[in-house]
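# Structure at a glance
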Amino acid sequence: MKSKQIKLKYLIMGVAIAAFILTGIGSIWSGYRMNVDSIKENTLETNRVYAQKLATTASSYLEESFQILGYSAGTIKTKMHDSNALNQETERLKMQNDMFNSVLITNAEGRVLSISPPSEEVQGAVLTSAGAKEALSKKKPLVSKPYKGITGRLLIFISYPIFSETNEYLGMVAGTIYLKERNVFNELLGEHYYHDGSYVYVVDSDGRVIYHQDPSRVNDIVIDNKVVQAVVSGKSGAFQVVNTKGVEMLAGFSTVPLTGWGVVAQRPIDVALAPSFDRVQEVAIKSIPIMLISILIVLWAAARIANPLQQLATLTEESMESKNVEGLKAVRSWYFEAHYLKSALVRSLTFLQGQVSFFKDQSTTDPLTGLTNRRTMDAMLAEWLDNESPHALILLDLDHFKSVNDTYGHAVGDKVLQFLAYNMKAVAREGDVCCRYGGEEFVLLLPATTAEEAAQVAEQLRDILAHTVSPCDRPVTLSAGVAVYPQMADTTEKLFEVADSALYLAKQAGRNRVIVGEQENK
């Protein structure tokens, strides 16, 4: 009868083509993943270095601000009552560079003696803002947290105290940065971003945005961002993060130690990885011609290799029907394996049925219950012992099983045993082995299982039997003993002794219970 199964020739061809395709896809995917990982690492490191550079720039700016303000404080300490001199100094500071949006000088009570650019609203007023009060009370160089000033602007206050020759506190000279208007941060950081969604922003020690390329984001609290949490805690580094708009970013961050500010430079991950897709496409296009040529060569070779085996398979099927092996001898077996396969088939074809019968006789299951028989169980335990594989053993016995046989007959007794075997399989976990030990005694082998876990499995089986009607029209109960290798025994024989002792105790204690064996003293 002609077989409808797939021929070896087509199988080899199919496997070869599949191998080429899967290998090609795997290589392309692996290359893509390596490229993606490399781009991510490089982008993260670039952003980390960049953020560190900008943090250093910001720190240098603050230090320079203190130097300039400190020099000015030393210059005007003898001119605090000369309004012209104070006005000239604030004007000089404002016009000298673009470090501050405004410059002012106050007396010790915080009254503004001079301001540039001039402001009637501020001139002569006493500063009551949190930043000004802090500077007046601490009498030392300070950078304030963001706050709204007298004019309603959101600003940062950079101040330096003024002391007389006798160390008397006279007031302070200060510069302000208007956070929602063009300021020095635009010069330091504003051009340091791409037009592809990458950008830089700065937060203060509370996680409040004090600079962002989008002015509407200034003063936002972004402390929930894990990058911001890291940078305000004094850390510097880089990792992947989802920003407040739900965009995945590759962010580098660094702190400004002088103020506790954090600088974050980040780039959208899809923008960073865009070149990877182009490279994958290029590699795939270049690989296709080579793959097609290779597939053609493999198809030809597969046909040549499979032909002798296909003939042997066909003739073997015919020989089993006609008892004629002459056709096998005529097959041209041009390579080693085919030649020796042909010789082996000719010699052993008549012996095949005997071998099949032999292997059937070596059945590994108990014919009544379908569970693993004792011979196979012993072999399995010996292998586990040789490999020193930890395992648990549950030895269980049906309570009063003799009365079942005596009352209902052995046929019902057999059904009760099958009922027990069914429920053992139901509670067994993946990898557990259910065995018939002999008579009404059964064994559950549980690899890599603790005594507590094994006891739970046994208890589950005991509970099912105790609350389920069996083939004898009533529930049957079992007693079980649990032993664990190597904690309770170092040999299979001792393990069974421990489990058997526990089983005996369960019987003595009234049956229908599970008892765990005693730990071996070492």
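## Looking at a negative patch on the surface
A surface patch of negative charge is lined by Asp 378, Glu 493, Glu 497 and Asp 500. No other element matches the three residues that helix H14 (residues 492-508) contributes to the negative patch. Along the polypeptide, Asp 500 turns up in helix H14. Given the relative accessible area of 40%, Asp 500 is considered partly exposed.

## Notes on the sheet that holds strand E12 (residues 391-398)
Judged by pairing direction, the sheet is mixed, and its five strands sit side by side in the order E13-E14-E12-E15-E16 without closing on themselves. Looking at the sheet topology across the chains shown, the edges are occupied by strand E13 (433-438) and strand E16 (514-516). Sheet twist, expressed as the mean angle between neighbouring strand axes with direction ignored, is 20°.

## Let's talk about the packing of helix H12 (residues 410-427) against helix H13 (residues 451-466)
The geometry of H12 relative to H13 is characterised by a closest axis approach of 10 Å and an angle of 135° between their N-to-C directions. With respect to H13, the axis of H12 lies oblique. In this structure, H12 crosses over H13, and the sense of that crossing is right-handed. Touching Phe 419, Leu 420, Asn 423, Met 424 and Val 427 of H12 are Val 457, Gln 460, Leu 461, Ile 464 and Leu 465, all from H13.

## A few points about unusual backbone geometry
Residue Ser 116 is joined to Pro 117 through a cis peptide bond whose omega torsion reads 0°. One can find Pro 117 in the loop between strand E2 (112-116) and helix H3 (130-138). Cis peptide bonds are those with omega within 30 degrees of zero, and the linkage from Tyr 485 to Pro 486 qualifies with 5°. Tracing the chain through its elements places Pro 486 in the loop between strand E15 (478-485) and H14. A positive phi angle, near 55°, is found at Lys 139, a position not held by glycine.

## What about the side chain of Thr 43?
The residue Thr 43 is located in helix H1 (residues 8-76) in this model. The class of Thr 43 is buried, set by a relative accessible area of 11%.

## Structural notes on the packing of aromatic side chains
Both the distance between ring centres and the angle between the ring planes are used here to describe each pair of aromatic rings. With the rule as written, the count across this model stands at seven aromatic pairs. Sitting over the face of the ring of Tyr 169, Lys 139 holds its NZ or CZ atom 5.0 Å from the ring centroid.

## Focus on helix H10 (residues 374-386)
With 13 residues, H10 should cover 18 Å at 1.5 Å per step; its first-to-last C-alpha distance of 18 Å lies within 8% of that length. Within H10, burial applies to Thr 376, Met 377, Leu 381 and Trp 384. Each buried residue of H10 sits inside an arc of 135° when the element is viewed along its axis, so together they form one side. Buried residues along H10 sit in contact with E12, E13, strand E14 (441-447) and H14. One or two steps after H10, the chain reaches Glu 388, where phi turns positive at roughly 55°.

## Topic: the pairing of E15
Of all eight residues making up E15, eight are buried, and the element is well covered by its neighbours. A two-sided burial pattern is seen for E15, the buried positions comprising Leu 478, Ala 480, Val 482 and Val 484 on one face and Ser 479, Gly 481, Ala 483 and Tyr 485 on the other. For E12 and E15, the ladder comprises eight bridges, and the chain directions are antiparallel. Paired with Ile 394 across the strands is Val 482, a residue of E15. The handedness of the E15 to E16 crossover, carried by H14, is left-handed.

## Examining the environment of Trp 384
Within the secondary structure layout, Trp 384 lies in helix H10. For Trp 384 and Tyr 485, which are 101 residues apart along the polypeptide, the C-alpha to C-alpha distance reads 9.8 Å. Other than its neighbours up to four places away in sequence, Trp 384 contacts Ser 389, His 391, Leu 445 and Pro 447.

Quick notes on the rules
- Residues numbered from 1 in each chain as written.
- Predicted model: local features only at pLDDT ≥ 70, side-chain atom pairs only at ≥ 80, totals over all residues.
- Heavy atoms only, no water.
- Patch = residues over 30% accessible without salt bridge, like charges linked within 9 Å, V, L, I, M, F, W, Y side chains within 5 Å.
- Areas by Shrake-Rupley, 256 points an atom, 1.4 Å probe, with all protein chains shown as cover.
- Salt bridge = Lys/Arg side-chain N within 4 Å of Asp/Glu carboxyl O.
- Lys, Arg positive; Asp, Glu negative; His and termini not counted.
- Charge placed at Lys NZ, Arg CZ, Asp CG, Glu CD.
- Helix = DSSP H or I, 4+ residues; strand = E, 2+ residues; numbered from the N terminus.
- Buried < 20%, exposed > 50% of the residue type's maximum accessible area, 1.4 Å probe, protein only.
- Pairing = 2+ DSSP bridges.
- Axes fitted to C-alpha atoms, helices over the stretch in contact; angles between N-to-C directions.
- Parallel < 35°, antiparallel > 145°, perpendicular 65-115°, else oblique.
- Left-handed = near helix turned anticlockwise from the far one by under 90°.
- Contact = heavy atoms within 4.5 Å.
- Phe/Tyr/Trp six-rings, centres within 6.5 Å; stacked < 30°, edge-to-face > 60°.
- Lys NZ or Arg CZ within 6 Å of the ring centre and 35° of its normal.
- Expected span 1.5 Å × (residues − 1).
- Arc of directions from axis to C-beta.
- Right-handed = clockwise from strand over helix to strand, strands pointing away.

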